[in-house]
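# Results of the structural survey
Here is what each chain is made of, one letter per residue.
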Amino acid sequence: MKNSLIASGAVLLGLNAASVYFPQQNLTLAAQTVSAAIGMVLVFLAIRRQTPRKPEVAATSKPTTPPPRAEAEIVAFLALLQEHGRLVDFAKEDIAAASDAQIGSAARVVHAGCRKVLDEYFDIAPLQNAPEGSSLTLESGYDAHTFRLLGSVPEHPPYKGKLLHPGWIAQSVKLPRLTGTTETRPWPVLAPAEVEVSGN
Amino acid sequence: MSDYFGIDLGTSNCAIARATDAGLLEILPITQVINASGIGERPLLPSSLYIPAAGEFPEGGPKLPWQEAESHWFLGTFARDRGVLQPDRLIASGKSWLCHPHADRRGPILPWGSTTVGKKLSPLEVSRELLAHLLANIRAASPAAKLEHAVITVPASFDEVARALTLEAATQAGLGVVTLLEEPQAAFYAWTENQGAEWRRQVKSGDLLLVCDVGGGTADFSLIAVTGKDGNLALERIAVGEHLLLGGDNMDLALAHAVSEKLIAAGTTLDEWQFLALVHAVRAAKEALLSNPSLQETPISIPSRGSRLIASTISAVLTRGDVQQIAVDGFFPIVGDDEMPILRRAGGLRESGLPYAADAAISKHLARFLSRAKANAASSPQLIEAIGGSARLDRSPLLLPDAVLFNGGVFNAAALRQRVLEQLSQWAGTPIRELEGSRPDHAVALGAAAYARLRATGEGLRIKSGTARSYYIGMESSAMAVPGRRPATKALCVAPQGMEEGSRLEISGQEFFLYTGEASEFRFFQSEVRAGDQAGQMLPDAAELEESARLQIEIPPPAGHQPGEEIPVRLEARVTELGNLELHFLHPASGENWKLEFNVRLQ
């Protein structure tokens, strides 16, 4: 399950990365930016699941609040994407009547902000260094977790094929650690309501 | 095995580096509050302090691992980001206030001009808080570290008062005894460390090196002379610049105004929040254009703060022409060697606040620095020798270097480094080279750690650098009274330029009298351009110097003396091992010794 999550997340991210650098394709830019967002969240989910759980607090130690739940951390990560990349605003807005130019302009905000979050909190590298379209052979014993095979796949390796997407891997994750343990909500808000104060 | 720490207490960002006996030199990530709900590590700690409103964090807000009590303020990334939205609660340039001669640096004056913050902080406290935060990180990374090894960097342009205050802040923060190092020198140490033995091939005896450091908010220049013979190089810092509040942030603001004006001309007016977003976007666009010569323009998107991102994002464009005209030609115009910066805005009144540079042309400030450095060198036979003889003085009205080491985020852009070299080469009439392999972003902290190790182990080449200025004390002249004329204040040179750490100088052959038991005023002066003055030399008129501080104080008479009596004293200047300048009034008969530190406190 988690490997497919990583892979699908990676593919969605990759799709976006490709599209953003080809502005002439901005007809589909919006859809792809959204796909990037989903991709990020999926990658994130999968990574969280792989991290070993902390040992339970011994019953004799003084009672503390329970460790922040995974959901709270995921919401906090989504809040980062919203804060820097306006991702929730972007996905939630009705784009049916918007022109491509408008969407493209907004996508720059999303791109710059989400990229900043990715660069700051992850060390992301391609899984394969070979260029897309190059031929490769997977010998028996290849790391099946880092490849997804498409087309007519024989029962046993070696597999000869063409690299469609080099894949991505997060080599390190350094997300902010939640500290608000006395929150009245199970998880943080995605974006606080903003009020411009004019006096009192 | 020991760890040595270097702390870059920057105007915009702080950094910590660690050096080890094993030859390691690295930046330490700094744990800090990242946003309203979490903490994390970043290589830099923004030097921002945010004071929340009383009800802003009913549960106390994010807490750092070492923190026990609730904090009254936040530091770092969260402070910077939150402070943008509430500028009245943000202290963003505490360090610039620390060296502001007309500000009360121990008084609760920050955030400057804030009408909403209940309990303000002093510039000294802001530095103390930043250092305490960095110390907590050092302790976490290296619990057994001996902190006498720590080196804190200050701008070369910091005067003795600002240096002494920095030391005081470090003591208050719990860092104990630390050493100060000038930032341009730190950048130089980082460069030699980075180059290994290779750096000696890039310089030779007789060279004069300019360290040109332009960061986010400040510009700092120093000249280092390379001397020595038979392959034994020696380095001496021979000139430092004035404190200049001018840097990359000014460029971003200027570009944002230009884009905003184009939008206004097209019928779109930005609100205050959109303008802030524009400044951010313009910074990234400027960097893209400066780093990619084939790019002709960069589209910019300016979001509003409302939730409708697509409907209300405004599109604009930053062109290569804008960047060339504003960032390159505006801040680094090619000027003649006699074009000096405008120093004061016209008009008799200036708004209180930080003394930002009035002229944005960094080239002109550089011309002023090099012209003052020439005047300074010309006044001292030792300096003339250090720069390889007077021939260099005859060539130009400026003291021109042979090579330049760049530092500061602005010089990540090759185009701007090129521009400075072009300017210097034009002044010199011969190509001026760049010292290659600089690391503009983290060099200061890395260099400070390398210097901390060098001090402790004694291995490596140290830059000889005494006091950067000469110091004077005002003297009431004993001239006959003339109606309608106030006698000029004379100035006695108490500490000549170039006094080294751990040295003391007695002013011999003269007797001075100290008024005791009644309030008297001491006036202190300094100069960056009078290297030739010797201790004990009396200048007829202090007006040609820069007044650095005044002190009103009543000195109690020593035992057996009446208030109002004049006490004969000897004067002695000392530069402590830490680089702190002190003036001692010694009264041999009673054994009294009044110490006047240059942060101007009598003990």
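The rules behind the values
- Residues numbered from 1 in each chain as written.
- Chains lettered and ligands numbered in written order.
- Predicted model: local features only at pLDDT ≥ 70, side-chain atom pairs only at ≥ 80, totals over all residues.
- Helix = DSSP H or I, 4+ residues; strand = E, 2+ residues; numbered from the N terminus.
- Contact = placed C-beta atoms within 7 Å.
- Domains from an automatic or database assignment.
- Nonpolar A, V, L, I, M, F, W, Y, C, P; charged D, E, K, R; others polar.
- Core = buried A, V, L, I, M, F, W, Y, C linked by C-beta atoms within 7 Å.
- Buried ≥ 20, exposed ≤ 12 C-beta atoms within 10 Å, placed from the backbone.
- Pairing = 2+ DSSP bridges.
- Axes fitted to C-alpha atoms, helices over the stretch in contact; angles between N-to-C directions.

## Quick notes on the overall build of chain A
Looking only at helices and strands, chain A has 5 helices and 5 strands in total. Secondary structure elements of chain A, listed N to C terminal, follow the sequence α-α-α-α-α-β-β-β-β-β. In chain A, 74% of the contacts between residues at least 6 apart in sequence involve partners at least 24 apart.

## Focus on the domain arrangement of chain B
Residues and elements named next belong to chain B. As assigned here, chain B comprises domain 1 (3-181), domain 2 (204-434) and domain 3 (470-602). With 8 residues of domain 2 at the contact, the number on the domain 3 side is 5 residues. Looking at side-chain class alone, the side of domain 2 that touches domain 3 contains 4 nonpolar, 3 polar and 1 charged residues.

## Thoughts on the nonpolar core
Residue and element names in this part refer to chain B. Ranked by internal contacts, the top residues of the largest apolar core, which has 143 residues, are L209 and A448. For this core, the domains that each give at least three residues are domain 1 (3-181) and domain 2 (204-434). Filtering out sequence-adjacent residues up to four positions away, L209 remains in contact with V203, L223, I224, V226, P401, A403, L405 and L435. Formed by 23 residues, the second largest nonpolar core is a distinct cluster that contains L492, V494, L581 and L596.

## Thoughts on the sheet that holds strand β5 (residues 177-178) of chain A
Pairing is antiparallel across the open sheet formed by 3 strands, whose spatial order is β5(A)-β5(B)-β4(B). One side of each edge strand has no neighbouring strand; the edge strands of this open sheet are β5 of chain A together with β4 (30-35) of chain B. Alignment of β5(A) against strand β5 (residues 38-42) of chain B, held across 2 bridges, turns out to be antiparallel. When the sheet's bridge partners are listed, A:L178 is paired in β5(B) with B:G38. Contacts from helix α1 (residues 77-85) of chain B reach β4 and β5 of chain B within the one sheet, and its direction differs from that of β4(B) by about 30°.

## With respect to the sheet that holds strand β7 (residues 49-50) of chain B
All names here are of chain B. Spatially, the 3 strands line up as an open sheet ordered β8-β7-β9, and their pairing is antiparallel. Where the open sheet ends on each side, the last strands, each with one partner, are β8 (74-75) and β9 (90-91). As judged from the 2 bridges shared by β7 and β8, these two strands associate in the antiparallel manner. Bridge pairing in β8 links Y50 to F74.

## Concerning unusual backbone geometry
Following A:P157, the chain continues into A:P158 via a peptide bond in cis, with omega recorded as 0°. A cis geometry characterises the amide bond from B:L110 onward to B:P111, with omega recorded as 0°. Summarising the element assignment, B:P111 is placed in the loop between α2 (94-98) and α3 (123-141). Despite not being glycine, A:R86 has its phi angle at roughly 50°, a positive value. Checked against the element boundaries, A:R86 lands in the loop between α3 (70-85) and α4 (87-92).

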